[in-house]
Amino acid sequence: MSSQFRFAVNVLPKDGILDPQGRAVEGSLGHLGIEGVSGVRVGRRVELTVTAVDEAAARATAERLASELLANPLIESYVVEGTRREPVR
Amino acid sequence: MSSQFRFAVNVLPKDGILDPQGRAVEGSLGHLGIEGVSGVRVGRRVELTVTAVDEAAARATAERLASELLANPLIESYVVEGTRREPVR
Amino acid sequence: MTLEPAAGPPAETPLHRALGLTDEELDAIVARLGRAPNDLELAMFSVMWSEHCSYKSSKPLLATLPTHGADVVAGPGENAGVVSIGDGLAVAFKIESHNHPSAVEPYQGAATGVGGILRDIFAMGARPVAVLDALRFGDPADARTRHLVDGVVRGVGGYGNCVGVPTVGGELVFDPSYQGNPLVNVMAIGVLEERLLTRAAAPGPGNLVVLFGSATGRDGIGGASVLASATFGDDAAGASKRPSVQVGDPFAEKLLIEASLELVEAGLVEGLQDLGAAGITCGVSETADRAGTGIEVDLDAIPRREPAMAPFEVMISESQERMVAIVRPERRAAVEAVCARWNLPCAVIGRVTADGDIAVTSEGRELARVPARALTSDAIVHHRLAAPPERRRAAPAPGAPDEATDLLPERGMDPGAVLLALVGSPNLASRRPVYEQYDSTVQANTVARPGRGAAIVRLDGGGAGRPARQPARGIVATTDSVAPVGALDPWLGAALSVAEATRNVSITGARPLGVTNCLNFGDPTRPEAFWQLGEAVRGLADACRALGLPVTGGNVSLYNESPAGRILPTPEIGVVGLLDDVERHVGPAFVRGGDHVVLAGRATPGLAGSDYARLAGLAPEDGPPGIDLELEARLQRFVREAIHAGLVASAQDVSGGGLGVAVAEACLWSGIGAELRLPIASSPAVDLFGESPSRILLSARPDAMPRLLELGRAFDVPIEAIGLTGGRRVVIELAGAGATGAAEERGSRVADSVDVAVADLRHAWDHGLARALGWDELGAGAPEGR
Amino acid sequence: MTRIGVVIFPGSNRDRDTLRAIEVAGAEPAALWHEQATLDGVSAVIVPGGFAYGDYLRAGVIARFSPIMRAVSAFAADGGLVLGICNGFQVIAEAGLVPGALLRNRGLRFLGRDVHLAIERFDTPFTALAGPRRPLRVPIAHGEGCYFADPATLAALDRDGQVLFRYVHPDGTPAGEAGDPDNPNGSLRAIAGVINARGNVAGLMPHPECAIEPLLGSDDGLGIIRSLVESAGAAAHAGSAPSLAGSAA
Ligand SMILES: Nc1ncnc2c1ncn2[C@@H]1O[C@H](COP(=O)(O)OP(=O)(O)O)[C@@H](O)[C@H]1O
Ligand SMILES: [Mg+2]
């Protein structure tokens, strides 16, 4: 019997890595008249469903996907967030 | 007296909107030897710090930034996540 | 007038009206069916009888265009025009608009515009080799405009760069009339072996209809989503939540190109059609109608991206990156193998039948049955009312006496300063910040990249198993529209546009092959707008006949109006030409000091519609310059002949900003100055900055001059040596009775000479656009997303 | 004749250009399909430009997992010559065949233009015949070409002569790091291309294969392709690693 689990992987540039997108967001705050925003980092968020026998197995799959595909360890760090069990459709 | 609050904005393609990146990730799973992953959606994650008098004001700023700059309401939806109060540096 | 957008149609609105069909159109549908349509059929009619798909207002006008030519192997009515160029090769090309989607979502609108026109090209069996993007926006200082320009340019690049087709040219024009309604017209060019020419037809009852490419989602259902609330019990909120923005997937398109061309090369398909507007409904009805057959669609066989799609959604979805092939049953496995190799979903979704009907079935039940003809060639045609505006400014007749509109000395302006201002103005400055976002070199055939004059792409380069041909030939391509003049005189605007586009091709030495066009106009139910459209079509036809060129295809975009105003009527003209030896093409920049500078053609009066007029103002009663189409034809033959004879070092068209800007560009592109003495025929402003057509600025070695002048006489083209190249300044002395007299009468000195450093012109030209758009020079822009 | 392979991923778009450049440089080009697990005995491999697998997620990352890349990695490990151009550079960097990563251009825009390039070493299989003319003028066309490595790696690259190409001003002086249009993507130390420590795998962002004839604006890139062709021919002739690896794979 297997269940479905939904995860989110947040991938962000490591500290010290250039983040021109973050700079661009900060740079456009003035035009919008928004104040008091700083430390902007722009990364990726990937949401996915894993079908597995239990949550531990599902998380292991999500972790593997995150470390091997979704993030480049040279430049990015990631966090796997989860989980919400979903009914198997 | 103002404090700093850290938020994250998750921006994802709306339901029903084509997500070519998500499809590409799903298509590559075979090569990775990963099984049981489906429903992949790829979006952006933006983390930011807002300095404001209280959390409500900070969140309002983050919301505005998300809706006016970070997400394209025609094809994307967003969620503002937070918050963690930070010491003012 | 509704003040608030209605959540859904009020209960009493009949369904056909909610779908955009008039009562008259419903009656016409009933007459063709002999009964009332059901809801699915009505949905199919509503999309097929849209202006976009049916050309119901413009069809009678387009029928008047000259479309024949000895080398035309596919003309209007096909996905793209195709012209044979000998040696078994042919060129396919077409231009199309994506104005409204780009106004809503600039990135995706432009991206899917590129995708759509590329599919039209490879549907003919041609490999796409070039893209050109003709863009028009409102005020460059306005925040909304900046957002649109940024998104559209990123969208064109995002798609074109990924599919590996070089973007080699286009236009970027700012005019307040486009503020609420930008224009995004994209032209694509492909090359094919003539024997592989493929038609969008569904011959042979019993043949299979194969859908391949992306799965079908709810993309672009848009207006038709009222059906969901009306018939399928969705609440209005649910219906409005359905996405109507189409998202492009250039990676899928790249696979689609390769798979389609592989299918064609292997001879596996009887017909090939892209799915764009009106989706599967359009694809099956047009292919069936062209072959005089019918098609039975098995709705359940269509791969879906979304659960619980209603039949009408599947039938009219505009999901991108899909094609339909007509395949003999015995070739099914081979077709599936090709699609599998390219990792593209592929499904047999129907069969060709003999009954001429489009039938839609699901779970063994027939949901719709409509004659294919009724959806396509026998769609309703509207004969709209045309009425000219009450007041209009016409061009002087060719040969009319010159009338000085000499504002230049009158205003005490230094013509050199005017020239600098023009060269750095948003419409004339370098487009580099834009075209640098495009891959213009992929495929390794781009001989003339974007930036100066027409684009040149080598043919016959060889490689990848194909032999190189000696000499290698070249394709020359350009788009042009003289819209500001069209607002004053739409016949003239269209004729000038054709003249300018073809001239830009001829001055490289190439022979124009044919004309494609995108007619961007207003609401055709408004008599003045329809009159403009009619006049423009007449001008297009007249100019093409005079130049001996066929119109091979095009596109009509109407309703280009917004609360902010109406666009200038904009007939966008695309021209493709052929160079017999690409190595011998001529460019627009001066090539060395000491060459003679020659002006072929003569300025005629009229400043209205010019960039100078925009900058400096002009007498209110001034008209636009006229055109003598016979002279234009002779001029273009002359320049091609002169280039062929090896007499021409450089050839530059005189257009935006007039002769002054033409000289400035020839100098600043080469870094070589010029010292000229310009005989003033009418007035300094007209001769320096007027935009009268049929003029070419040439440079030639001294020893070529006698033959060049002789050739001018032989072609009956006015031709005059006006000075020499060299130095580091642009110096233009204004000479002649006209100038002196006019100026002295006003008590001022003769209009001062133009005397500007080439480097200053270059600086103004280089930085004008980035400054106008507020882009920093390295190109850092707004963050993605919005 | 020396056979040089060109990897074709779904989404490669300079594969034909590269095949043709190999022909012009005097070798026999061989297309290598992404799903094949062997290299058909070629003497060297070029991973070409384009948008492999759409470049979705991160340029080059999905391509890295395709079957052919396993063969390419094994070939490289055996000393075979591998050149990654543009997207190909991104792919081999993701695969760890060369050091560093390619980030979004600092200007956040795709850039297609000519750049000037200095060759830092002429004693490699990729540059032996490329001199002495410099700086080279070659086109770029990419959105993610900002070369990045951590400070220690950067220092080591410079120390060990692993920086193969650098963006320079037209007069040959080195381009700056940020805010210098002659370093089009803001690459650290203006690095345009690198070579691995062993000297048999190199990658660069600019397109030498599209600068092989004056008609198209420059033939400055031909020397790089010819260097590879000659080196591969010599290696094959000597019966050294490349051909062995190719046939054994
Ligand atoms: N302004 C025009 N001049 C000539 N032909 C035109 C014009 N507008 C449309 N056509 C022709 O009408 C046909 C239908 O156009 P369109 O619906 O845009 O084609 P598609 O659906 O293949 O994109 C095409 O063959 C096109 O070339
Ligand atoms: Mg079509």
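Residues numbered from 1 in each chain as written. Chains lettered and ligands numbered in written order. Predicted model: local features only at pLDDT ≥ 70, side-chain atom pairs only at ≥ 80, totals over all residues. Heavy atoms only, no water.

Visitor: For this particular structure, what's the right way to read the overall build of chain C?
Guide: Regarding its fold elements, chain C presents 28 helices and 28 strands. Put simply, chain C has 786 residues, and 63% of those count as buried. In chain C, the proportion of contacts linking residues at least 24 apart, taken out of those at least 6 apart, comes to 84%. Approximately 26600 Å² of chain C is accessible, and the part contributed by carbon and sulfur atoms is 50%. (Helix = DSSP H or I, 4+ residues; strand = E, 2+ residues; numbered from the N terminus. Buried < 20%, exposed > 50% of the residue type's maximum accessible area, 1.4 Å probe, protein only. Contact = heavy atoms within 4.5 Å. Areas by Shrake-Rupley, 256 points an atom, 1.4 Å probe, with all protein chains shown as cover.)

Visitor: Got a minute to help me understand the pattern of salt bridges in this structure?
Guide: Charged atoms that come close allow side chains of opposite charge to pair. All chains considered together, the criterion is met by 67 salt bridges over all chains. With its nearest N and O atoms 3.1 Å apart, the salt bridge here joins Arg369 of chain C to Asp357 of chain C. Here the residue Arg369 of chain C occupies a position in strand β13 (residues 365–371), and Asp357 of chain C occupies one in strand β12 (residues 357–362), the gap between them amounting to twelve residues. Arg369 of chain C sits in the partly exposed class, given a relative accessible area of 25%. Asp357 of chain C sits in the buried class, given a relative accessible area of 17%. The partner of Arg432 of chain C in a salt bridge is Glu436 of chain C, with the nearest N and O atoms 3.2 Å apart. On the basis of relative accessible area, Arg432 of chain C is assigned to the partly exposed category, the value being 31%. A single salt-bridge network, built from bridges that share partners, covers Arg6, Arg45, Glu47 and Glu81 of chain A. (Salt bridge = Lys/Arg side-chain N within 4 Å of Asp/Glu carboxyl O.)

Visitor: Mind showing me how you'd approach the nonpolar core here?
Guide: One broad trend across soluble globular proteins is that nonpolar side chains are buried collectively. Membership of the largest hydrophobic core comes to 174 residues, with the highest contact counts inside it found for Leu69 of chain A together with Phe9 and Val45 of chain D. Element by element, the count of residues in this core is highest for helix α11 (residues 250–265) of chain C, at eight residues. The contact partners of Phe9 of chain D, leaving out residues within four places of it in the chain, are His34, Val47, Ala52, Tyr53, Ala63, Ser66, Ile68, Met69 and Val91 of chain D. With 50 residues, the next largest nonpolar core counts Ile280, Val314, Ile358 and Ile380 of chain C among its residues. (Core = buried A, V, L, I, M, F, W, Y, C linked by side-chain atoms within 4.5 Å.)

Visitor: So what exactly am I meant to see when it comes to the sheet that holds strand β2 (residues 28–33) of chain D here?
Guide: To summarise the sheet geometry, strands pair through backbone hydrogen bonds and adopt either a parallel or an antiparallel arrangement. All names here are of chain D. Taking strand neighbours across the sheet as the criterion, the nine strands line up as β2-β1-β3-β4-β11-β10-β9-β6-β7 in an open arrangement whose pairing is mixed. Of all the strands in the sheet, just β2 and β7 (136–142) have a single pairing partner and so form its edges. Adjacent strand axes in the sheet meet at a mean angle of 25°, parallel and antiparallel pairs treated alike. Two elements, strand β1 (residues 3–8) and strand β3 (residues 44–47), share three bridges in a ladder whose sense is parallel. Across the sheet, Ile4 pairs through a bridge with Ala44, a residue of β3. Together, β3, β4 (81–85), β10 (191–195) and β11 (201–204) form the strand contacts of helix α3 (residues 87–94), whose direction differs from that of β4 by roughly 120°. (Pairing = 2+ DSSP bridges. Axes fitted to C-alpha atoms, helices over the stretch in contact; angles between N-to-C directions.)

Visitor: Before we go on, may I ask you to explain the site of ligand 1 in this structure?
Guide: All names here are of chain C. Surrounding ligand 1, one finds 17 residues, the nearest of these being Gly77, Glu78, Asn79, Glu96 and Asn517. Asp120 is positioned with one of its side-chain polar atoms (N or O) 2.9 Å from an oxygen atom of ligand 1. Between ligand 1 and Asn555 there is a distance of 2.8 Å, counted from a nitrogen atom to a backbone nitrogen or oxygen. If ligand 1 stood free it would expose 560 Å²; the protein chains cover 86% of that surface. Counting residues per element, the ones that place at least two in the shell around ligand 1 are β3 (89–97), β17 (511–520) and β18 (551–557). (Near = heavy atom within 4 Å. Polar contact = N/O pair within 3.5 Å; in protein donor to acceptor, adjacent residues only side chain to side chain.)

Visitor: Help me understand the interface of chain A and chain B in this model?
Guide: The figure often quoted for interface size is the accessible area lost as the parts come together. With 32 residues of chain A in contact, the opposing surface of chain B contributes 33 residues. At the boundary of chain A with chain B, total buried surface from both sides reaches about 2600 Å², with 59% on carbon and sulfur atoms. Summed over the shared surface of chain A and chain B, the result is zero salt bridges. Counting every contact that joins chain A to chain B gives twelve residue pairs in polar contact (both at pLDDT 80 or more). Among the secondary structure elements, those contributing two or more residues to the side of chain A that touches chain B are β1 (3–13), α1 (20–32), β2 (37–52) and α2 (55–70) of chain A. (Buried area = accessible area lost by both parts, 1.4 Å probe.)

Visitor: Could you clarify how one ought to interpret the relation of the copies chain A and chain B in this entry?
Guide: Copy one and copy two of the chain differ by a rotation about an axis and a translation along that axis. Laying chain A over chain B is done by rotating through 180° and shifting 0.0 Å along the axis; what remains is an RMSD of 0.3 Å. What we have between these two chains is a two-fold relation. When C-alpha positions in chain A are compared against the rotation axis, the closest is assigned to Arg44 of chain A, at 2.2 Å. (Least-squares fit on C-alpha atoms with pLDDT ≥ 70 in both.)

Visitor: I'm lost on the interface of chain C and chain B in this one. Help?
Guide: Across the contact, 18 residues belong to chain C and 16 residues belong to chain B. Where chain C meets chain B, there are one salt bridge. Asp249 of chain C is the partner of Arg23 of chain B in a salt bridge, and the nearest nitrogen-oxygen pair spans 2.7 Å. Taken together, chain C and chain B are joined by three residue pairs in polar contact (both at pLDDT 80 or more). Class assignment for the residues of the side of chain C that touches chain B results in seven nonpolar, four polar and seven charged. (Nonpolar A, V, L, I, M, F, W, Y, C, P; charged D, E, K, R; others polar.)

Visitor: Please clarify how the coordination of the magnesium ion (ligand 2) should be interpreted in this entry.
Guide: Ideal geometry at a metal gives 109.5 degrees between four tetrahedral donors and either 90 or 180 degrees between six octahedral ones. Residues and elements named next belong to chain C. Only Asn79 (OD1), Asp120 (OD) and Asp274 (OD) from the protein coordinate the magnesium ion (ligand 2), and they sit 2.1 to 2.4 Å from it. Sequence positions of the residues that donate to the magnesium ion (ligand 2) give the spacing N-x40-D-x153-D. With Asn79 in the loop between β1 (72–74) and β2 (81–86) and Asp120 in helix α7 (residues 106–122), this pair connects stretches of sequence that are 41 residues apart. Neither Asn79 nor Asp120 differs from the other in exposure class; each is buried. (Donors = N, O, S within 2.8 Å, 3.2 Å for Na, K, Ca; no water.)

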